[in-house]
Amino acid sequence: MDERWRTIHRKYKNKIEVLQRKIFEIQKEKVKDHKKIIALNNRVNALEIENQRLLELSQNDSLTGIPNRRRLDAYLNIEWLRGRREVSNLSLLIIDIDYFKEYNDHYGHIEGDRCIIQVGNTLKKILKRPGDLLARYGGDEFIAVLPNTDSVGALLIAEEMRQGIENLGIMHQHSIVSDFVSVTIGVSTTLPNEQMSSEILVHRADAALYEAKKKGRNQIKAFI
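Residues numbered from 1 in each chain as written. Predicted model: local features only at pLDDT ≥ 70, side-chain atom pairs only at ≥ 80, totals over all residues. Heavy atoms only, no water.

(A) Up close: helix α2 (residues 69-86). The end-to-end C-alpha distance of α2 is 25 Å, a good match for the 26 Å that 18 residues give at a rise of 1.5 Å each. Within the span of α2, buried status applies to Leu-72, Tyr-75, Leu-76, Glu-79, Trp-80 and Gly-83. When α2 is viewed along its axis, its buried side chains cluster within an angular range of 145° and face the same direction. Relative to its buried face, α2 has exposed residues pointing more than 90 degrees away, namely Arg-70 and Arg-85. (Helix = DSSP H or I, 4+ residues; strand = E, 2+ residues; numbered from the N terminus. Expected span 1.5 Å × (residues − 1). Buried < 20%, exposed > 50% of the residue type's maximum accessible area, 1.4 Å probe, protein only. Arc of directions from axis to C-beta.)

Written as structure tokens, this is what we have:
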């Protein structure tokens, strides 16, 4: 090979080496970019998980861990609209712990909190269907939303709840209806329609609860 071709060969070889170095640099940058993308995706996933956790916390009662009033209102509205579309009954129960103020005053707030947690857990376990929701309504009251449930089914669930709480055997020396913690339940069932709102279920169940309390507590009353 004469010198002229040697020179040309070296030029091409140098160009190839330059290009190879550029390719290598580009590949290194791609690796870096890929790692950055992975890191960013991991960060996004972590933020999404944290955001979901905070959302759940904002919709759950801090003491019992079950849904709170905010979650209840949203869920009740969803099931009301579903009931209208599917023309299916919707039932609602308001569960009130009998003479809870007296319990709290006598046994103290720590025991009072423990009592509420036990009651909440027991009520929640009784609701077997995924669509049923138990929420803490406030203080010593809970609400159960029962989609696609008629009045007979709602009364059966209510009685199971009443018995379930009494069977816990939590002593209550200052109750005049039982030696143990008990509950009174108001029941309301309706077929959702455009002329009514979901609030009617709450008002009717509350009226039934009031009547049950007047009759002596530790019992169930359905709105008629």
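(B) Highlighting the pairing of strand β1 (residues 90-97). For β1, the buried fraction is high: eight of the eight residues fall into the buried class. Here β1 shows two buried faces, one formed by Leu-90, Leu-92, Ile-94 and Asp-96 and the other by Ser-91, Leu-93, Ile-95 and Ile-97. Of the pairings in the sheet, the one linking β1 to strand β3 (residues 141-147) comprises seven bridges and is antiparallel in character. The residue bridging Ser-91 from the neighbouring strand is Leu-146, located in β3. (Pairing = 2+ DSSP bridges.)

(C) Highlighting the nonpolar core. Leu-93, Ile-95, Phe-142 and Met-161 are the most contacted members of the largest nonpolar core, which totals 26 residues. At the level of elements, β1, α3 (100-107), α4 (109-126), β3, α5 (151-166) and β4 (183-190) are the ones that each hand at least two residues to this core. Within the second largest apolar cluster, 15 residues are counted, among which are Leu-92, Ile-94, Ile-143 and Val-202. (Core = buried A, V, L, I, M, F, W, Y, C linked by side-chain atoms within 4.5 Å.)

(D) Main features of the pairing of β4. Across the eight residues of β4, seven count as buried, placing the element largely inside the fold. Across eight bridges, the pairing between β1 and β4 is antiparallel. Across the sheet, Leu-90 pairs through a bridge with Thr-190, a residue of β4.

(E) Main features of the packing of α3 against α4. In contact at an axis separation of 6 Å, α3 and α4 are set at 135° when each is read in the N-to-C sense. Classified by the angle between their axes, α3 and α4 sit oblique to one another. Here Phe-100, Tyr-103, Asn-104 and Tyr-107 of α3 lie close against α4, whose contacting residues are His-109, Glu-111, Gly-112, Cys-115 and Ile-116. Here the residues of the contact of α3 with α4 are counted per class, giving five nonpolar, three polar and one charged. (Axes fitted to C-alpha atoms, helices over the stretch in contact; angles between N-to-C directions. Parallel < 35°, antiparallel > 145°, perpendicular 65-115°, else oblique. Contact = heavy atoms within 4.5 Å. Nonpolar A, V, L, I, M, F, W, Y, C, P; charged D, E, K, R; others polar.)

(F) Fine view of the side chain of Ser-188. Position of Ser-188 relative to the elements: it lies in strand β4. Setting aside residues up to four positions removed in sequence, Ser-188 forms contacts with Leu-90, Ser-91, Leu-92, Leu-201, Arg-204 and Ala-205.

(G) Representation of the packing of aromatic side chains within the structure. All chains considered together, the criterion is met by two aromatic pairs. Ring geometry for Phe-100 against Tyr-103: centres 6.1 Å apart, planes inclined by 15°, an arrangement best described as stacked. Within this pair, Phe-100 and its partner Tyr-103 are both found in helix α3, separated by three residues, close to a single helical turn. Just as Phe-100 is buried, Tyr-103 falls in that class too. When the centroid spacing of 4.5 Å and the interplanar angle of 35° are considered together, the rings of Tyr-103 and Tyr-107 count as tilted. With Tyr-103 and Tyr-107 both in helix α3, this residue pair falls four residues apart, about one helical turn. Three or more aromatic residues joined by ring pairs make a cluster, and in this case those are Phe-100, Tyr-103 and Tyr-107. Directly above the aromatic system of Tyr-99 lies the positively charged group of Arg-217, at a separation of 4.3 Å from the ring centroid. (Phe/Tyr/Trp six-rings, centres within 6.5 Å; stacked < 30°, edge-to-face > 60°. Lys NZ or Arg CZ within 6 Å of the ring centre and 35° of its normal.)

(H) Here's a closer look at the sheet that holds strand β2 (residues 133-138). An order of β2-β3-β1-β4-β5 is seen for the five strands of this open sheet, with the pairing classed as mixed. Strand pairing shows two members of the sheet lacking a second neighbour, β2 and β5 (220-222), which therefore form its edges. Adjacent strand axes in the sheet meet at a mean angle of 20°, parallel and antiparallel pairs treated alike. Against the sheet, helix α6 (residues 199-214) makes contact with β1, β2, β3, β4 and β5, and its axis sits at roughly 145° relative to β4, the strand it touches most.

(I) Spatial organisation of the pattern of salt bridges. Applying the stated rule across the entire model yields 12 salt bridges. The salt bridge partner of Lys-101 is Asp-105, with a shortest N-O separation of 2.9 Å. Taken together, the positions of Lys-101 and Asp-105, both in helix α3 and four residues apart, correspond to about one turn of that helix. Exposure class is identical for Lys-101 and Asp-105. Each is exposed. (Salt bridge = Lys/Arg side-chain N within 4 Å of Asp/Glu carboxyl O.)

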